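Structural overview
What follows is the residue order along each chain.
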Amino acid sequence: MKLDDLKQDWQESITTPTTATDLTKVIAALETQTTKINKEVKRRDMLEISIALLLIPVWLYGLFISAGVLQSTGYFIAILSCLFIPYRLIKAKKVKAPKDTSIKAFLQNEQQKILQQKLLLESIVSWYIAPLTVSIILITLGGTVDSKGIPHLNYSLIIYYSFLTLLVLGIYFLNKRAAKKKFTPLLAKINQQLLEIGQH
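For clarity, every value in this text was computed on a predicted model and none was experimentally measured. (Residues numbered from 1 in each chain as written. Predicted model: local features only at pLDDT ≥ 70, side-chain atom pairs only at ≥ 80, totals over all residues. Heavy atoms only, no water.)

Considerations on the overall build of the protein
Along the backbone of the protein there are six helices and zero strands. Listed N to C, the secondary structure of the protein is α-α-α-α-α-α in terms of helices and strands. For the protein, contacts bridging at least 24 residues in sequence account for 77% of all contacts bridging at least 6. Looking at the protein as shown, the accessible area adds up to about 12,200 Å², and 66% of this sits on carbon and sulfur atoms. (Helix = DSSP H or I, 4+ residues; strand = E, 2+ residues; numbered from the N terminus. Contact = heavy atoms within 4.5 Å. Areas by Shrake-Rupley, 256 points an atom, 1.4 Å probe, with all protein chains shown as cover.)

Re the packing of helix H3 (residues 69-93) against helix H4 (residues 103-122)
Two quantities define a packed helix pair, namely the angle between the axes and the distance from one axis to the other. Where H3 contacts H4, the axes come no closer than 8 Å and their chain directions differ by 150 degrees. The orientation of H3 with respect to H4, classified from their angle, is roughly antiparallel. Each of Arg88, Leu89, Lys91, Ala92 and Lys93 in H3 lies in contact with H4, whose residues at this interface are Gln116, Gln117 and Leu120. Considering only residue class, the contact of H3 with H4 consists of three nonpolar, two polar and three charged. (Axes fitted to C-alpha atoms, helices over the stretch in contact; angles between N-to-C directions. Parallel < 35°, antiparallel > 145°, perpendicular 65-115°, else oblique. Nonpolar A, V, L, I, M, F, W, Y, C, P; charged D, E, K, R; others polar.)

Section: the nonpolar core
Ile85, Leu89, Trp127 and Tyr128 are the most contacted members of the largest nonpolar core, which totals 15 residues. The set of elements that each furnish at least two residues to this core consists of H3, helix H5 (124-142) and helix H6 (155-199). In this structure, Ile114, Ala179, Phe183 and Leu194 belong to the second largest nonpolar core, which totals 14 residues. (Core = buried A, V, L, I, M, F, W, Y, C linked by side-chain atoms within 4.5 Å. Buried < 20%, exposed > 50% of the residue type's maximum accessible area, 1.4 Å probe, protein only.)

Side note on the environment of Leu157
Mapped onto the elements, Leu157 comes out in helix H6. Leu157 gets classed as buried once you look at its relative accessible area, which sits at 9%. Taking the C-alpha atoms as reference, Leu157 lies 9.3 Å from Ile137; in sequence the two are 20 residues apart. When sequence neighbours within four positions are dropped, the list of residues in contact with Leu157 reads Thr140, Leu141, Thr144 and His152.

A word on the pattern of salt bridges
Scanning the entire structure with this criterion turns up four salt bridges. Note that Lys93 is salt-bridged to Asp45, the shortest N-O span being 3.5 Å. A residue pair is termed long-range when its members are at least 10 positions apart, and Lys93 in helix H3 and Asp45 in helix H2 (residues 20-64) qualify at 48 residues. Across the salt bridge formed by Glu122 and Lys118, the nearest N and O atoms sit 2.7 Å from each other. Of this pair, Glu122 and Lys118 both sit in helix H4, four residues apart, which is roughly one turn of the helix. For Lys118, a relative accessible area of 13% translates into the label buried. The network of salt bridges with common partners includes Arg44, Asp45 and Lys93. (Salt bridge = Lys/Arg side-chain N within 4 Å of Asp/Glu carboxyl O.)

A closer look at the side chain of Thr144
Its location among the elements puts Thr144 in the loop between H5 and H6. One polar contact links the side chain of Thr144 to the main-chain carbonyl oxygen of Leu141, over a distance of 2.7 Å. (Polar contact = N/O pair within 3.5 Å; in protein donor to acceptor, adjacent residues only side chain to side chain.)

Bear in mind that shape data such as this cannot, by itself, settle questions of function.
Here it is, written out as structure tokens:
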């Protein structure tokens, strides 16, 4: 998600203690920007969920023509992964609705949304990278089994796994960077604003 603009606006808007009028302006600006961010998250989730669901028939077909137990296991894990990914994305957007419509409640709601998206990126290995990577390895390696059911790691697979490793590392570090550089500072600013409200 592109949170750089929001971070910059927060930095400019709360570098000094806010008055009631200033606070209203800050919240109004934040509401506009968080609406934009929520739309970006929605687009991202729709894309990820669509891809995951569209891949399920592919994995089911692969399971049907599987070369053996190893490959079947890989397809089975891939199917479960493509079911779990949508669940995880949807769950990360669910927040407890505030009981009132105060500015504090609004900030707490946004705080929870941002925190959950931050945790989603930080835990991407467990719910996204690891299961899909394991399934891909099992599927491709399972396709090389001989008559005795023993897989053979050939040169092509070594090259393929090398690129897969680079891709996985890239996804991991990009998401870790996004969590650290974008969500963490924004979360700190919201916490600061909540602290200021608590002091009034």
